[in-house]
Amino acid sequence: QRSLVGSEMCIRDRDKTYFLHNSEYVFEVSYEQQLEEAKQARREAYGTEVDPLMSEYNRKKTFNLFEEGEEEELIKAIKDKVAEIKERFPYPEENI
């Protein structure tokens with residue numbers, strides 16, 4: 001499928017898209033590849049940024065070490081970190 005958008009020619013081939021820009025074809029990564037890359041980036045970030053918070057939460061919960069209000073603060077910090085990671089590595093919008 002070919003289409004002309006402004007001064008760019010766009011060629012779609014299954015899940016790949018190529019743009020003709022300044023007389024050169026530029027490859028656009030497929031939706032599936034973008035999605036997998038975002039998922040992998042999230043997995044890595046969860047492992048390095050959320051897992052330590054979860055470990056702290058589980059240790060304190062298991063051994064009843066939470067001070068007044070500390071449990072709620074840690075739960076909020078975990079939720080905030082997850083939201084931050086999702087914002088940092090958003091899933092691509094699916095082109096229909």
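Draft legend 1. Up close: the side chain of K60. Mapped onto the elements of the fold, K60 is located in helix α1 (residues 31-62). Taking relative accessible area as the criterion, K60 reaches 11% and is therefore assigned buried. In this structure K60 touches L65, F66 and E70, once residues within four positions along its chain are discounted.

Draft legend 2. How the structure looks around helix α2 (residues 70-88). Helix length check: α2 (19 residues) gives 27 Å between terminal C-alpha atoms against 27 Å at 1.5 Å per residue, within 8%. Residues of α2 that are buried: E71, L74, I78 and I85. Across the axial projection of α2, the buried residues extend over an arc of 70 degrees, all falling on one side. Seen from the open side of α2, the exposed residues pointing more than 90 degrees away from its buried face are E72, E73, K79 and E87. Looking at the buried positions of α2, the neighbouring elements they touch are α1.

Draft legend 3. Spatial organisation of the packing of aromatic side chains. The tally for this structure, following the rule as stated, stands at 1 aromatic pair. Here Y57 and F66 contribute two aromatic rings whose centre-to-centre distance is 5.4 Å and whose plane-to-plane angle is 50 degrees, an arrangement assigned as tilted. Sitting over the ring of Y91, R42 keeps its end group 3.8 Å from the ring centre.

Draft legend 4. Spotlight on the packing of α1 against α2. The geometry of α1 relative to α2 is characterised by a closest axis approach of 10 Å and an angle of 175 degrees between their N-to-C directions. Here α2 runs roughly antiparallel to α1, going by the angle between their axes. On α2, the residues touching R42, A45, Y46, E49, V50, L53, M54, E56, Y57, K60 and K61 of α1 are E70, E71, L74, I75, A77, I78, K81, V82, E84, I85, K86 and R88. Taken together, the residues that form the contact of α1 with α2 break down as 12 nonpolar, no polar and 11 charged.

Draft legend 5. A look at the environment of Y46. Its location among the elements puts Y46 in helix α1. Here the alpha-carbon distance between Y46 and K81, two residues 35 residues apart in the chain, equals 8.6 Å. Contacts of Y46, omitting those with residues within four sequence positions, involve D51, V82, I85 and K86.

Draft legend 6. Local environment of the environment of Y91. Position of Y91 relative to the elements: it lies in the segment after α2. Sequence spacing of Y91 and R42 is 49 residues, and the spatial spacing of their C-alpha atoms is 9.8 Å. Leaving out residues up to four positions away in the same chain, Y91 has contacts with L35, A38, K39 and R42.

How each quantity is defined
- Residues numbered from 1 in each chain as written.
- Predicted model: local features only at pLDDT ≥ 70, side-chain atom pairs only at ≥ 80, totals over all residues.
- Heavy atoms only, no water.
- Helix = DSSP H or I, 4+ residues; strand = E, 2+ residues; numbered from the N terminus.
- Buried < 20%, exposed > 50% of the residue type's maximum accessible area, 1.4 Å probe, protein only.
- Contact = heavy atoms within 4.5 Å.
- Expected span 1.5 Å × (residues − 1).
- Arc of directions from axis to C-beta.
- Phe/Tyr/Trp six-rings, centres within 6.5 Å; stacked < 30°, edge-to-face > 60°.
- Lys NZ or Arg CZ within 6 Å of the ring centre and 35° of its normal.
- Axes fitted to C-alpha atoms, helices over the stretch in contact; angles between N-to-C directions.
- Parallel < 35°, antiparallel > 145°, perpendicular 65-115°, else oblique.
- Nonpolar A, V, L, I, M, F, W, Y, C, P; charged D, E, K, R; others polar.

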